[in-house]
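# Observations on the three-dimensional arrangement
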Amino acid sequence: MRCYRALLRLLPFEFRGDFGGEMEAVFHKQHADAERGRGGGLAKLWWETIVGIFTTAPREHLAILRQDAGFALRMMRRNPGFTLASIVTLALGIGATTAIFSVVHAVLLKPLPYAHGESLVVLSQEAPPSSVSTTAFSVPEMMDLRSRNRSLDGLVEYHNMSFILLGRAEPERVETGVVSWNYFDLFGVKPLLGRDFRSEDEKDGAPAVLLLGYEYWQRSFGGDPTVVGKDFKMNDKIHTVVGVLPPFPQYPDRNDVYMPSTACPFRSNPSLVTNRNGRMVALFGRLKSGTAVAQAQADLTTVVASLQREHPDSYPAGSHAAARTVPLRTQLTQAAKPTMLILLMAAGFVLIIACASVANLNLARMARRDRELALRAAMGAGRARLFRQLLTESCILSLAGGAVGWLLAIGMMEMLTRLAGRFTARASEIRMDEPILLFTIALAFLTSLVSGSAPALAGRGNLSGSLKEGGGIQSTLGASRRRGQNLLIVAQFAVSFVLLIGAGLMLRTLLNLQRVDPGFRPENVLTMDIYLDFAKYTDGPKRGNFFQSLLEKVQAQPQVISAAVSLSVPLDQSVQASSFQIEGQPEEAGREAPRADIHVVSADYFETLHIPVVQGRTFELRDSADAAGVVVVNRALARHRWPGGDAVGRRISLNQGRTWRSVVGIVGDTKENGLNQPWRDGIYLPLAQSPLLQGNLVVRTRNDPMDIARIVVQRLYEVDPNQPAGRIRSLDTVRADSIAAPSLTARLLGIFALVALLIAGTGIGGVIALAVSQRTHEFGVRLAVGARPRDILGMVLAQGLKLALLGTGFGLLGAVAVTRVLRGLLFEVAPTDPLVFALVILVLSLAAILACFFPARRASSVDPMIALHVE
C-alpha cells in the first residue's frame, strides 16, 4: 500500500478520488503478480514473453509493436548520447564480424562453384624413402591411371607454361594452362562466349585453339566480344580464340589463356609422351557416385603399386609407392583456414565486448528509468510486457548498428580480399551478397537479444521500492544490478586481454620477420621476368648470346651499378630443390640422396645482390660452356656436407654421376622461400654452362629502381623487339610481398584489439561515472568529516582498477589456452611470450586508470555543502 500511496501522490489532486478505487484493484493484482514472479529467471521471462506474443491477435500485436517502436524512437531522440554510443559500439562489433564472416563464407562454407564440386579430387603420389609427395605425373602414368581405376568418372591433366603471344601492339607473355580437352567439362565450367574445347582439338595436327580467361579478357581486350575468332601467333604457330571463360577460381594457377594438351610443344613432344619418368602434369578427377575419398585412394594406390612392379626403374628402389586423393575443396582452403578462423574468433570477441558494453549502457540507463517502469507496472503492465518494450528498444538500436556495421564491412572488403588472396584462389568469390546481408540482420537481432536481456531482467525488481524512493539520477542501484555491471566490465577486459595478446604476438612476429637478415641487400634492385621464345632460341648459344647482349646494354646505363641474370629471385618462393651426389660418398640403398636448391646465375649475380663470398671465388669469364664444370655452394651446404673439411675443390654430380662439377667457392646463405623458413642448402651453376630459357634480370641502381624500368624495357626491345618483359618489381617489393600475409593478419588483429580496448575503456569509464553521480551524497559526507580529495580520487580509481585487474586475471587464463591456436602463425616468439603478456597487462591497467581518472577527479572535487544540501 505504500507503493499505492506513492503513486497517488504523483497524480493531480483532483483525480485521486475517482481514480483511486480502480487503481487500487489494478495495483493489488500487479503487486501480487510481481511477488509471484520475482523468483523466475530469464528463461521464464522469455517464455512468458513468447506466450504473450503468440496469444495476442495479429492486429493487436501490430498495434503494440507500433506503440513500442514509436516510444523507443522517442526515447532514442531524448537520449542522443546513449543512442550514438550504442549504435557505434554495435556497428564496430557487427561490422567486424560481418566482414570476416563474408570471407569465411566464401572461402570455407560456400559450395565450390563447379558442377559436382564436392566430388572433385586432386591426385598426388608418394614414393618412400624420400617421403616426397608430388602432384606431378608422367603422361604414361596418367594413361594407366585413366584406364585402370574403378573409382573415377573422369581424369584430366593440367600443367602451366609461359608463352609469348604476338599479334597485338606489343608482345605479351601469357600464363597458359595446358589441359585435357574435357578439362572444363569435368569442372562444369561453360564458356561465357564461344565454345569449349572438343575432342578433335586434341588430335595430332589439329588447328591450334585458345580459350581466354575472364580476367585476362577484361584486362587486355577490354571485354571485347569480337575477340572470339581472332588469330594470334604463339609458339611459332597461329592460334585461334574459340571462346572466353567465365570468372571462376583457377587452381592451382591463375592463367591468362588455356590450350589443349597436344598444342603445347613440350607436352606433345614424343620423347615426353613415352617417358614414364617425365613427370610434369597434375591430375584432377571426379568421384563416381557413391564413392568415398578413402575408397578412391585405396583404388588408385593399388594401381600405382602395380605400376611400380611393372616398371621398377621408374620408382626408387625399395620404396612402396602410394597415391593420395584429396578433395579439391581441401586443397583450395587448407592454407587459408587457420588464419580465417582465428580472425573470425577475434571478430566474435569484439562482438561479445560490444554486446557487453551496450548491455552496461542499458543497465546504467535503467537507473534513470526505474520510476518509469514502476509507473508502467502499477498502471497494469506485466513483466513480460515491460520485457517486450525493452527488447524492442534494444532491437531498433541493434538494427541501426547493423546498418552502420554493414557499411564498415564493405570498407574492409579490399583488405580482406587481399589477405585471402594470399592463401586461396577462392578469394575472387568474396562478396557482400544476400546471404551476408541476412547474416548481418540475424546478427543484429541476436545482439539485441543479448544486449537487451540483461537490463530487462535487471529491471524487474522491487518496483514498489522504486516508486517509494522516487527515482532520480541519484537513486541507488540495487546490489544485483551493480554486480551485473561489474561482471560485464570484467568480461570486457578479459576478452580485450585475449585480443591484445593475439595482436601483440602477431606484431612481434612481424617485427621478427622484418629484422631477419635475408642474406642479400634488396635496396635499389629492379627485377624483371624474361621468358624466351623457345621456337626462336632453340639452343644454348642463342640463349646465352641473348642474355649477354641484354646485360651489356643494361650495364651501359649511367643509373645502373651492376646487372645479372638468375633462374629465380630470392624470396619469390619459386626455387626448386634437386638431388645430387658427392664424390667419394656413394648412395646407400634405402637412404635418401642429399638435396639442395639449384640456382643458375650469371657472373655478377653475387655482386649485384651483395651476397658475400665466404671462401674461394665466384664465376668468371673462363667458366664458359667449353670449360670444366664448376659450381658455387652456400655456407649451409658446406657446413652440412663437409662439416670438418674444406668444400672448395670437392666435386658433385647433378646427373647420377655422369658428369662431375668442381666446387670453386662458398657464398653466404640467402632466404629463398620465405623469411620465416630456415636456411637451405644451395648450389649455384654458371649461366654460361646452363643456358636459361626463362630467367630474371636483376639490376642494382643508384636511385629508385622503378625510375629506370622503362629504359630497361627499351633495351630489351633493342635486343629482340618480339621479346616481352614479364613482371617488373623492385626487390624491396618482393620482400614486402613475402610477409604480406602476416602483416595483414597482424593489422587486422591490431584493429580488433584496439576497438576492444576502446570499448572496454569507455565501458568502465561510464560505469564509474554513473557510480560517482549516484554517490555524490556519500562523497560529500566523507569530505565533510575530514577525507582529503586525493583519498576520494584514490578510492574511485581503485574501484575501476580492481575490475580491470580482475578481468585481466580471467583473460590471462583464457589467453594461455586460446593463443596456442596462433602457434602455426608465429615466428621466433612463443605463444606465452612474457614480454607481450607484461606489456598487455600494463596497457590494460593504464587504459583503466585513464578511463576512471576523469570521473574520479569529479568525485574528489565535490563541494560537501552543495552535495549535502541537494540530498
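### Some words on the overall build of the protein chain
- When you go through the protein chain residue by residue, the secondary structure sums to 26 helices and 24 strands.
- Residue burial in the protein chain is summarised as follows: out of 871 residues, 52% are buried.
- Relative to all contacts within the protein chain whose residues are 6 or more apart in sequence, the contacts with residues 24 or more apart total 82%.
- When the accessible surface of the protein chain is split by element, carbon and sulfur atoms take 58% of a total near 39200 Å².

### Looking at the packing of helix α17 (residues 540–555) against helix α20 (residues 709–719)
- Relative to each other, α17 and α20 sit at 140 degrees, their axes nearing to 9 Å. As far as their axial angle goes, α20 and α17 are oblique. The element α17 and its partner α20 pack so that their crossing is right-handed. Contacts between α17 and α20 pair Phe-546, Ser-549, Leu-550, Lys-553 and Val-554 from the former with Val-712, Arg-715, Leu-716, Glu-718 and Val-719 from the latter.
- Grouping the constituent residues of the contact of α17 with α20 by class yields six nonpolar, one polar and three charged.

### Some details on the confidence of the model for the protein chain
- Mean pLDDT over the protein chain works out to 84, with 84% of the residues at or above the 70 mark.
- Every residue in residues 1–39 is under pLDDT 50, and counting partners more than four places away or in other chains gives 41 contacts.
- When the criterion is pLDDT under 50, residues 469–477 qualifies, and its contacts beyond four places in sequence or with other chains add up to 20 contacts.

### Overview of the pattern of salt bridges
- Per the counting criterion, the structure on display carries 29 salt bridges.
- Between Glu-718 and Lys-553 there is a salt bridge; the shortest N-O distance is 3.6 Å. One end of the pair, Glu-718, is in helix α20; the other, Lys-553, is in helix α17, and 165 residues separate them in sequence.
- Overall, Lys-553 belongs to the partly exposed group, its relative accessible area being 32%.
- A single salt-bridge network, built from bridges that share partners, covers Arg-173, Glu-175, Asp-529, Asp-572, Arg-727 and Arg-729.

### Describing the pairing of strand β17 (residues 595–601)
- β17 sits mainly inside the fold: six of its seven residues count as buried.
- Relative to β17, strand β15 (residues 577–579) runs antiparallel, the two sharing three bridges. Looking across to β17, one finds that Ala-577 is bridged to Asp-597.
- Bridge count between β17 and strand β22 (residues 682–686): five bridges; the pairing is parallel. Along β22, the bridge assignment pairs Val-601 with Pro-686.

### Observations concerning the nonpolar core
- If you look at the biggest cluster of nonpolar residues, it comprises 105 residues, and the most contacted ones within it are Tyr-605, Phe-606 and Ile-764.
- Take this core: its biggest share by element is 15 residues, from helix α22 (residues 740–774).
- Dropping the residues within four chain positions of it, Tyr-605 is found in contact with Ala-564, Ser-566, Ser-568, Pro-570, Ile-611, Tyr-684 and Val-698.

### Considerations on the layout of surface pockets
- Estimates place the volume of the second largest pocket at around 570 Å³.
- Contributing to the lining of the second largest pocket are 23 residues, with Gln-548, Ser-602, Leu-621, Leu-687 and Ala-688 lying nearest its centre.
- For the lining of the second largest pocket, the residue count by class is 13 nonpolar, seven polar and three charged.

### Quick notes on empty space enclosed by the protein
- This structure, assessed with the given rule, holds five cavities of 30 Å³ or more.
- The computed volume of the largest cavity comes to approximately 90 Å³.
- Around the largest cavity, the lining residues are Ile-342, Met-345, Ala-346, Phe-349, Val-498, Leu-499, Gly-502, Leu-749, Val-818, Thr-819, Val-821 and Leu-822.
- For the lining of the largest cavity, the elements supplying multiple residues, two or more each, are α12 (337–378) and α16 (479–515).
- Ranked by residues supplied to the lining of the largest cavity, first place goes to α12 with four residues.
- Partitioned by chemical class, the residues of the lining of the largest cavity number 10 nonpolar, two polar and no charged.

### Considering helix α25 (residues 834–860)
- With 27 residues, α25 extends 37 Å between its outermost C-alpha atoms, agreeing within 8% with the 39 Å of an ideal straight helix rising 1.5 Å per residue.
- At Phe-853, α25 shows its maximal bend, which comes to roughly 40 degrees, and the proline Pro-855 appears one to four places after that position.

### Describing the packing of aromatic side chains
- One pass over the structure, following the stated rule, counts 25 aromatic pairs.
- Taking 5.7 Å as the distance between ring centres and 80 degrees as the angle between the ring planes, the aromatic pair formed by Tyr-605 and Phe-606 counts as edge-to-face.
- You can call Phe-606 buried: its relative accessible area is 3%.
- Ring geometry for Phe-606 versus Tyr-684: centroids 5.0 Å apart, planes at 70 degrees, classification edge-to-face. With Phe-606 in helix α18 (residues 605–608) and Tyr-684 in strand β22, the pair connects residues that are 78 residues apart, well separated along the chain.
- You can call Tyr-684 buried: its relative accessible area is 1%.
- Aromatic rings pair up to connect Tyr-114, Tyr-158, Tyr-183, Phe-184, Phe-187, Phe-197, Phe-248, Tyr-251, Tyr-258 and Phe-284 into one cluster.

### Things to note about the packing of helix α6 (residues 139–148) against helix α10 (residues 293–310)
- Following both chains from N to C, one finds α6 and α10 inclined at 130 degrees, their axes separated by 10 Å at the closest point. By the angle between their directions, the pair α6 and α10 is classed as oblique. In the crossing of α6 with α10, the sense of the turn from one axis to the other is right-handed. Contacts from Asp-144, Leu-145 and Arg-148 in α6 reach Leu-300, Val-303, Val-304, Ser-306, Leu-307 and Glu-310 in α10.
- Here the residues of the contact of α6 with α10 sort into five nonpolar, one polar and three charged.

### Digging into unusual backbone geometry
- With an omega dihedral of 5 degrees, the bond running from Tyr-251 to Pro-252 counts as a cis peptide bond.
- Turning to its location among the elements, Pro-252 is positioned in the loop between β9 (237–244) and β10 (257–260).
- Even without being glycine, Asp-236 reaches a positive phi, approximately 65 degrees.
- Within the secondary structure layout, Asp-236 lies in the loop between β8 (231–234) and β9.
- Non-glycine residue Asn-524 carries a positive phi angle of around 60 degrees.
- Within the fold, Asn-524 resides in the loop between α16 and β13 (525–531).
- Under the relative-accessibility criterion, Asn-524 is labelled partly exposed at 30%.

### Focus: a nonpolar patch on the surface
- A contiguous nonpolar surface patch, about 430 Å² in accessible area, is contributed by Leu-399, Leu-437, Leu-438, Ile-441 and Phe-445.
- At four residues, the largest contribution of residues to the nonpolar patch is made by helix α14 (residues 434–458).
- Its place among the elements puts Leu-438 in helix α14.

### Section: the environment of Gly-807
- Its place among the elements puts Gly-807 in helix α24 (residues 789–818).
- Along the primary structure Gly-807 and Phe-493 are separated by 314 residues, whereas in three dimensions their C-alpha atoms are 4.8 Å apart.

### Structural notes on the side chain of Gln-250
- You can see Gln-250 is positioned in the loop between β9 and β10.
- In this structure Gln-250 comes out as buried when scored by relative accessible area, which is 9%.
- A polar side-chain atom of Gln-250 sits 3.0 Å from the main-chain amide nitrogen of Asn-255.

### A word on the environment of Asn-486
- Along the chain, Asn-486 turns up in helix α16.
- As a C-alpha pair, Asn-486 and Asn-360 span 126 residues in sequence and 8.8 Å in three-dimensional space.

### Re the side chain of Gln-331
- Summarising the element assignment, Gln-331 is placed in helix α11 (residues 328–333).
- A polar side-chain atom of Gln-331 sits 3.0 Å from a polar atom in the side chain of Tyr-251.
- Only 3.2 Å separates the side chain of Gln-331 from the side chain of Gln-334, close enough to count as a polar contact.
- With residues up to four places along the chain from it excluded, the contact list for Gln-331 reads Val-122, Tyr-251 and Val-326.

Cut-offs applied
Residues numbered from 1 in each chain as written. Predicted model: local features only at pLDDT ≥ 70, side-chain atom pairs only at ≥ 80, totals over all residues. Heavy atoms only, no water. Helix = DSSP H or I, 4+ residues; strand = E, 2+ residues; numbered from the N terminus. Buried < 20%, exposed > 50% of the residue type's maximum accessible area, 1.4 Å probe, protein only. Contact = heavy atoms within 4.5 Å. Areas by Shrake-Rupley, 256 points an atom, 1.4 Å probe, with all protein chains shown as cover. Axes fitted to C-alpha atoms, helices over the stretch in contact; angles between N-to-C directions. Parallel < 35°, antiparallel > 145°, perpendicular 65-115°, else oblique. Left-handed = near helix turned anticlockwise from the far one by under 90°. Nonpolar A, V, L, I, M, F, W, Y, C, P; charged D, E, K, R; others polar. pLDDT = per-residue confidence, 0-100. Salt bridge = Lys/Arg side-chain N within 4 Å of Asp/Glu carboxyl O. Pairing = 2+ DSSP bridges. Core = buried A, V, L, I, M, F, W, Y, C linked by side-chain atoms within 4.5 Å. 1 Å grid on protein atoms, 1.4 Å probe; cavity = no way out; pocket = protein on both sides within 12 Å on 5 of 7 lines; lining within 4 Å. Points joined across faces, edges and corners; volume = space filled by probe spheres on them. Expected span 1.5 Å × (residues − 1). Bend = angle between axes of the 7 residues up to and from the residue. Phe/Tyr/Trp six-rings, centres within 6.5 Å; stacked < 30°, edge-to-face > 60°. Patch = residues over 30% accessible without salt bridge, like charges linked within 9 Å, V, L, I, M, F, W, Y side chains within 5 Å. Polar contact = N/O pair within 3.5 Å; in protein donor to acceptor, adjacent residues only side chain to side chain.

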